[in-house]
Each structure stands twice: as structure tokens, then as C-alpha cells.
Protein chains: 2
Amino acid sequence: MLASIITIGDEILIGQIVDTNSAWLGQTLNQIGIKVVQIVSVSDNEQQILETLDKTIHESDIVFITGGLGPTKDDITKYTLCKYFQTELVLIPEYLEKLEAYFKKRGRTINEANKGQAYLPKNATPIENTRGTAFGMWFEKDEKIVVSMPGVPHEMKSMMQLEILPKITNRFELPEILHKNIMTIGMGESIIAEKIADIESSLPATIKLAYLPNLGLVRLRLSAYTTKKDLKTTTLLVEQLTQSIVSRIQEHVYGYDEQKIEEVIGHLLIENKETISTAESCTGGYIASTLSSIAGCSTYYLGSVVTYSYELKTQELGVKQTTLAQFGAVSAECVEEMLDGLLHKTKSTYGIAVSGIAGPSGGTEDKPVGTVYISVGDKNSKLTKRYQFTDNRADNIIYSTNMALFMIYTHLINKKKN
Amino acid sequence: MLASIITIGDEILIGQIVDTNSAWLGQTLNQIGIKVVQIVSVSDNEQQILETLDKTIHESDIVFITGGLGPTKDDITKYTLCKYFQTELVLIPEYLEKLEAYFKKRGRTINEANKGQAYLPKNATPIENTRGTAFGMWFEKDEKIVVSMPGVPHEMKSMMQLEILPKITNRFELPEILHKNIMTIGMGESIIAEKIADIESSLPATIKLAYLPNLGLVRLRLSAYTTKKDLKTTTLLVEQLTQSIVSRIQEHVYGYDEQKIEEVIGHLLIENKETISTAESCTGGYIASTLSSIAGCSTYYLGSVVTYSYELKTQELGVKQTTLAQFGAVSAECVEEMLDGLLHKTKSTYGIAVSGIAGPSGGTEDKPVGTVYISVGDKNSKLTKRYQFTDNRADNIIYSTNMALFMIYTHLINKKKN
């Protein structure tokens, strides 16, 4: 089954936004065995959309369109699709009600432009949008399918996951593709590659291994192409390969597939009915917001103290003024006192304390930009490390967060073992 | 002058990499007045490349191709271009020497595959690559230009900057394109559209307006196509239009072009030598990390208290137990006490306090998921609001953050006026 992707919007052509929708769609479709043959980005221009649609529809079985479905005048995708499929817009009263409820819930009144979004092409199956006001559309003609979705990434993704992918997999017999993701943290891509070089070089031709690194995390993806007949054997083989790889890098594997390290930490804490809190300086609340991004975290996540200023470090976490004077705020001594003060204050079982120089300014010869101290532990034992990350402020904040989570994860696992 | 961009490579179609080359090229070309009419990504497949080239060459004056120039077997762009332009590869001895020197410098010996890179199409002008081993190529035929470049972003960019852009601007008289972005917050796309409907419908054909919404923020982009001769008049016109639009939605415009709301808040605080801190519950540190993502924030951002648990709300922010018992943690009373406690603790000039139900669980009939209370202000005055956002946890956190920043921005602006 072949697919094409069309992304519509001037903002893509002038490079104001990077088209991440296509990459996500490419990845998602690939995982269920649909091959993307081309991605085309065009402007909000009727003739261009019509021509591109005509070309791609001939070269694929299904065409995914994103963008141009908003309530404003520059959004012409719906009208253009009506023209292409020679149909007209009709009001769907049920959708108008939904839209009215959507606005009412937010304490706003619906206006004419938004009411227009309840008009949909007569011969299209509407697709619900649980995250916004633009409905999606599913057209069929001469054995070909065209799906139109909003360009806002989170609306498009939820529409795909909730409605479109189930519709496709129910209806078509797709080839079997098995994916297994090994989620690792705290080890570089090239070191992992070295450790599993022999496994990688002896992979059968039908199994591919990809390295997907992301600021301290590396996802190893095994993809196996198979048939219904060979599914069982292939599943077993992928499982064996996974175990071989994991055995080489055991301490850096925190989970599988879509798991996040902050989620795994949450599970470990829930299991033991334990709690955590954080004391942050250079990460400025990023660790707190990462831990609390997990639904249900309120059972184990108590809170955080972000002490950007010297005064708050002393006042809130009891860091000694002599420590700050002698070793500076970016030091092992400071993060350890931050951790002690945090555990004393919040009474959480575990704590994370971080202080560093995120940059771009503030670096010295001894402690250049990217120097970060992290201390993690509980009232009985703590581990403190110095890291040297990059020149980039945003990357340093994420690296610090990932390494702090890796350290506390390791601490929890070691405690579980003993 | 119209351009098309073709990016070649399976890794783009399966979503393993996001095609950032196209966005960069789009932006760069747009800045010198070349209009990109389409971006097409195709796989390393001869027929597909030939067909795409044929189509795009008819629809534009210049085609930029990236990717498929490496030394390995799957890199077929050069051979395909030879076929398209009916020419053959010839060895350029000078380039072979350059390649040999390149490898020698890196302590490596050149292999046969790399030697092959010194073979270039007879009728193309080669383009030097100062960052890698694949030369670029500049073809001309029937008044059309095709430029082929490597896919590695930094190699492609340096080739564009050092050789291709100067070649283009020297040779062609290009139109001028003006962009103006109006950055708004706290007003929906459709309400803005309503308020400026008359301005929008009377825009001259050469000026386009686009709405780019993102969870509480909307960027309005005016794009004007003009000539060197009319540049001054058009600049003035865009400026006038900008002022007309801004006058309708004044209170929601926080800046222009690439500005972020957290950056503007930072500037306002620096101007007055004032400081800020935050007390967060449902946002879990996201507001703190947004404020501290700005370089240099340590002059005005003191820190934050994230109180996820009831105990910490009482202990750290002095929220009364009777308040929690009577009104709950998600209430106007609670966030106001959080704000008072915060200002007392951190001594910052301004504070932001947030408490709500991010979801997915924890909602009640009175306070469904997405209910969020925000209080902002200083020791003399505060403003508290109740919001109803969405069902989605991640979205609710970002919406809350954006609305909190909008409220404190408004507070700062009003204070400045009075």
C-alpha cells in the first residue's frame, strides 16, 4: 500500500515552520507497513493543491493532507477538496452543536467563521477532532482514499491515532512489520554501537536496526519485515535479539517502546509507596515539569524548589553562605547541601538537586558553560556527579534533566536489587 | 523568480529524520525574494527523481536539490542528473587532488568510492564543498537552473552561502519580500479574524495575511511582494497595516517577529529593575522553566515553589488548611493565598500562582478537567481568573502557562502606563 503526504501552508514554503507533520506521518505509516512514496509541500493556492492532489492520487493508494482547515480566509483546503471531488458543503447540525458546546465550555460565544467549520463536504466522512474545532475529512473515489486533517500537530496526531489509523488497519490487510524499541539513557550512540557491533553485523537482511539519539537518550529500534505465516518465528527472533542487545548495555536500558524515563521512575516509586521532590537551579523547573508531566504523579511527586538566586538557596534550602563563598553555587558541596535541605523541607523519600551553568554567559576557565553538578539520593546515601555538557543553553537544560533522571533511576534500581 | 526544492532520501520518507534543509532553504530564498512554490521529498529512486525534476522544472525557474550525493551505492542523484541532462561523467583531476588532500589531512587513505566523487557531469559547473567530499553541481538548460547539493545540512548551507547565493544575486534582479509578524496572546484566531475582517478583506493582492495559532498564542504574518523601486512605499504600507491591525487588538499584541512573551516580560522587568517568582501546582514547574529558558534571566527571575501536595501548599506558601478544606486546592482563594505566601517568601516584586486540574483524572462536576485558577500581581494588587481549558493534560499545562504569562504581561503594561 502506497501513500503520499501533502502539507499545505505558506509558512512551510517560506521556512517559518519546519514541517514535522510529514516526519511523524512517515514514521507512523511506516510502522504499520504503509510506504510513503513522496511528501509534497505547497502553498494555500487552489490550483497548486488541485494539481498536486491529481498527481499524488495517481501515484498512491492513499493521500494524507494536513493544513488549511482553520476558520479564516486563508484556509482553502476544504473548498478545494469540494471542487476536486465535485461536491458541495452541507451544514451538519450535530457538529454545529458540538462546536457551540466547545465554545460554551470555554466561556466564549461562537462566531460566524467558527460556525462555518460545521459545514462539511457532502460526500466525505467527517472525522472528529477532540483537540480543536476543525473536523477532518475522509474521501473515497475510484478505490483511492484522501484524508484531510488540520495542520496543528497535536490535533492531527490525535485524529490519526483515534480515528484514521484504526480505520485503515481494520480495512486493509497490511504487511506485518514488527518494531521493538529498546530505550536507553546515559550512554552515547557510538559506544552502544561498539558494544553490539557483532550482533548488528550478523542481523538477517529482513531485520533493521536504527539508532535514534536525543540529548542523553538513545532509542534502538529493531524493525522486522515479515508475513502472517512467519510472524511467530520473527517475533521470537526479535525477542532474542532484543535480549542479546540488552545484556550488553543492561544498566542503560530503562524500558521499551514508548516508555519515558520519568514514567518508569514513577512506577518504581508507586511500587514502594515512596515520594520524590527536586531542588533546581540551572534547570529552572524543567526536572519538576518533566516529572509532573506524567498523569497520576501526585501520588509520588510532592513538589520542587527552584532557587535561581543565592538568597533563595540559603533561605529555602539551607545552603551555607560559607559554601557559596568558598566553592560557589556550581559545586558538589552546594548541590549536596541543596539535597539535604530539600529532603529536610519536603520530607520526600528521594531528592534530586542540580546546579550548573546553562549559558550562554556565566562560564569561567574552571567551570565553563555546560558545567553541571547533580546530586541524587535519600537520607541514607547520596551520589554526586559533575558533568560537562554543551555550549547551548536549551540543550544543557535537557541534558541535565536526563542525566538527573538517569542517576535517580539507577539509585532506585540498585536499592530494589539490594 | 520561482523556485522548487527537491529533497532526496528514504530517511525523510520514513520519518527517521525531519527535513530541516527545506525550511532553511525556504527561509533563505524568501529573504532574497525568490518564491518557493513547492517542496517535494522523494526516495533514492531514479524514475521518481526524473519525474519530479521534470514537473518542478516546468513550474519554476530554479530547482534546488539536496541529498543523494554521497559515495555509497544508494546515492544516485549525480547519475540521474546525467541522464536527465543527457551528459556523462568526466574525471576532474584537480578535484581528485583536492579529495586526496582532504583525506590525507584527516590521516585516512582515499578509497575507490571516494575517488568516484571527483567525476562530475560534463555540462555542469561544479560547486566547491568546503565541509565535505561531495561537490555540488549547477546545471543550466533552456533558461532554467538546477542546483544539486549534498543532504548534510552544514555542507549544504555553507555551499549556499559561499557560492550559490552570490551567484544568484549577481545574476538576477530579484523582487523584494517584506514580512511582518504580529505576536498575540490570549485571543482566539477566529475572534482576531472578526475584529480585523474589514482590514483583511481590503488587503491589496500583493499582501497576504496568515494566522499561525499555538495554544493561546496567535502569530499574524503579513507578507508583501514588491520591487526595489516600490520598496519604500510598500514598507510604509505594511507598517500602516500593522498599526491598523494592532489598534484593534492592542491589549493582546505583546511583540513582533521572533519575540517570545517570556522574553518581553524579562525586558519589562529589567527596565524597572524588578523581579519575579512563581508558585505552581498543576503546571508543575513549566512556568518556571519557561521563564528561565531565557538567557540572562538570573537578573530578574528569583525562583519558584512547586507545591504539588497539600502539605507543601500549607507549609511552604502558608495556604490555610481551612481554605483547602472549604474551597479546595483548585480555587480562587487558594491561588490568592499561594501568591501572598510566595511574595512573602521570595520577596520578588511580582508573582504568579497557579492551581488547577491538568487531568486526565481529578475532575468533578463543578471543576472538570481543564479548570485552572491563576492569580498574578504584586503586594499592592492582584488579579485572579478562572479558566476552562481542554481535556488534554499536556495542552492544559501549556495553556495555563501562556495565560499566566499573558496576565502578568498585562499587569506589567498597565503599571507602566499608570
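None of the values given here were measured: they were computed from a predicted structure.

> Give me the sheet that holds strand β11 (residues 217–226) of chain A: which residues, what numbers.
All names here are of chain A. Across the sheet, four strands lie side by side as β10-β11-β9-β12; this open sheet has antiparallel pairing. In this open sheet, the two strands that pair with only one neighbour each are β10 (207–214) and β12 (253–256). Between one strand and the next, the sheet's axes are offset by a mean angle of 20°, whatever the strand orientation. Bridge analysis of strand β9 (residues 176–185) against β12 gives three bridges, and the strand direction is antiparallel.

> Break down the interface of chain B and chain A for me, citing the residues and quoting the values.
Where the parts come together, the accessible area they lose is often given as the size of the interface. Of the residues lining the interface, 80 residues belong to chain B; the matching set on chain A comes to 74 residues. Between chain B and chain A, the buried area comes to about 5600 Å², and carbon and sulfur atoms account for 52% of it. Among the residues of chain B in contact with chain A, Leu 13, Ile 39 and Tyr 308 of chain B are the three that bury the most area, contributing 10% of the side total. The tally of links between chain B and chain A comes to five salt bridges. In this structure, Asp 391 of chain B and Lys 105 of chain A form a salt bridge, with 3.3 Å as the shortest nitrogen-oxygen distance.

> Residue-level account of the side chain of Thr 401 of chain A, with values.
Residue and element names in this part refer to chain A. Mapped onto the secondary structure, Thr 401 falls in helix α16 (residues 393–417). A polar side-chain atom of Thr 401 sits 2.9 Å from the main-chain carbonyl oxygen of Ile 397. Once residues within four sequence positions are removed from consideration, Thr 401 is found in contact with Thr 283, Tyr 286, Ile 287 and Thr 290.

> Can you break down the environment of Ile 5 of chain B residue by residue, with the values?
Residues and elements named next belong to chain B. As for its placement among the helices and strands, Ile 5 is situated in strand β1 (residues 2–8). On the basis of relative accessible area, Ile 5 is assigned to the buried category, the value being 0%. Sequence separation between Ile 5 and Ser 361 is 356 residues, and the spatial gap between their C-alpha atoms is 46 Å.

> Provide a residue-level description of the pattern of salt bridges, including the pertinent values.
Counted by the stated rule, this structure contains 42 salt bridges over all chains. The partner of Glu 316 of chain A in a salt bridge is Lys 345 of chain B, and the shortest N-O contact between them spans 2.6 Å. Residue Glu 316 of chain A is found in helix α13 (residues 310–317), and its partner Lys 345 of chain B is found in helix α15 (residues 332–346); the two belong to separate chains. When salt bridges that share partners are traced, they join Glu 316 and Lys 345 of chain A together with Glu 316 and Lys 345 of chain B into one network.

> Give a detailed account of the side chain of Lys 313 of chain A, specifying residues and quantitative values.
Residue and element names in this part refer to chain A. Inspection of the secondary structure puts Lys 313 in helix α13. Within the buried core, Lys 313 has no salt-bridge partner, and the shortest N-O distance to an opposite charge, that of Glu 311, equals 8.3 Å. For Lys 313, the side chain forms a polar contact with the side chain of Ser 281, separated by 3.1 Å. Within the local environment of Lys 313, its side chain forms a polar contact with the backbone oxygen of Tyr 308, the two atoms lying 3.3 Å apart. Apart from the residues lying within four places of it in its own chain, the contact partners of Lys 313 are Ser 281, Thr 307, Tyr 308, Gly 318, Val 319, Leu 324, Ala 329, Cys 334, Met 338 and Ser 355.

> Describe the nonpolar core, and please don't skip the residues or the numbers.
Val 146 of chain A together with Val 146 of chain B are the most contacted members of the largest nonpolar core, which totals 58 residues. Those residues in contact with Val 146 of chain A that lie beyond four places of it in its chain are Leu 53, Ile 57, Val 63, Ile 65, Leu 81, Phe 85, Met 137, Trp 138 and Phe 139 of chain A. With 38 residues, the next largest nonpolar core counts Leu 217, Leu 291, Ile 294 and Ile 408 of chain B among its residues.

> How would you summarise the pairing of strand β7 (residues 136–141) of chain A if you had to cite specific residues and measurements?
Here three bridges tie strand β6 (residues 125–127) of chain A to β7 of chain A, and the two strands are oriented antiparallel to one another. Bridge assignment links Ile 127 of chain A to a residue of β7 of chain A, and that residue is Gly 136 of chain A.

> Any details on the confidence of the model for chain A? Residues and values, ideally.
Detailed reading of the predicted coordinates is not advisable wherever pLDDT is low. Across chain A, the average pLDDT comes to 94, with 100% of residues at 70 or higher. Scored as a complex, the prediction yields pTM 0.81 and ipTM 0.82.

> Kindly report on the domain arrangement of chain A, identifying the contributing residues and their values.
One can read the domain layout of chain A as domain 1 (2–171), domain 2 (176–256) and domain 3 (261–417). Using only C-alpha atoms to locate each centre, domain 1 of chain A and domain 2 of chain A end up separated by 35 Å.

> I'd love a proper account of empty space enclosed by the protein, names of residues and values included.
Sizing a probe to match a water molecule and rolling it over the atoms shows the empty space that remains. For the structure on display, the rule yields two cavities of 30 Å³ or more. By volume, the largest cavity amounts to about 130 Å³. In terms of lining residues, the largest cavity is bounded by 16 residues, among which Asp 19 and Ser 22 of chain A together with Asp 19, Ser 22 and Ser 41 of chain B are the most central. Broken down by secondary-structure element, the contributors of at least two residues to the lining of the largest cavity are α2 (20–31) and β2 (35–42) of chain A together with α2 (20–31) and β2 (35–42) of chain B. Class assignment for the residues of the lining of the largest cavity results in ten nonpolar, four polar and two charged. Estimated volume of the second largest cavity: approximately 60 Å³. Looking at which element gives the most residues to the lining of the second largest cavity, the answer is helix α3 (residues 46–59) of chain B, with three residues. Residues of the lining of the second largest cavity, tallied by class, amount to two nonpolar, five polar and two charged.

Conventions used here
Residues numbered from 1 in each chain as written. Chains lettered and ligands numbered in written order. Predicted model: local features only at pLDDT ≥ 70, side-chain atom pairs only at ≥ 80, totals over all residues. Heavy atoms only, no water. Pairing = 2+ DSSP bridges. Helix = DSSP H or I, 4+ residues; strand = E, 2+ residues; numbered from the N terminus. Axes fitted to C-alpha atoms, helices over the stretch in contact; angles between N-to-C directions. Contact = heavy atoms within 4.5 Å. Buried area = accessible area lost by both parts, 1.4 Å probe. Salt bridge = Lys/Arg side-chain N within 4 Å of Asp/Glu carboxyl O. Polar contact = N/O pair within 3.5 Å; in protein donor to acceptor, adjacent residues only side chain to side chain. Buried < 20%, exposed > 50% of the residue type's maximum accessible area, 1.4 Å probe, protein only. Lys, Arg positive; Asp, Glu negative; His and termini not counted. Core = buried A, V, L, I, M, F, W, Y, C linked by side-chain atoms within 4.5 Å. pLDDT = per-residue confidence, 0-100. Domains from an automatic or database assignment. 1 Å grid on protein atoms, 1.4 Å probe; cavity = no way out; pocket = protein on both sides within 12 Å on 5 of 7 lines; lining within 4 Å. Points joined across faces, edges and corners; volume = space filled by probe spheres on them. Nonpolar A, V, L, I, M, F, W, Y, C, P; charged D, E, K, R; others polar.

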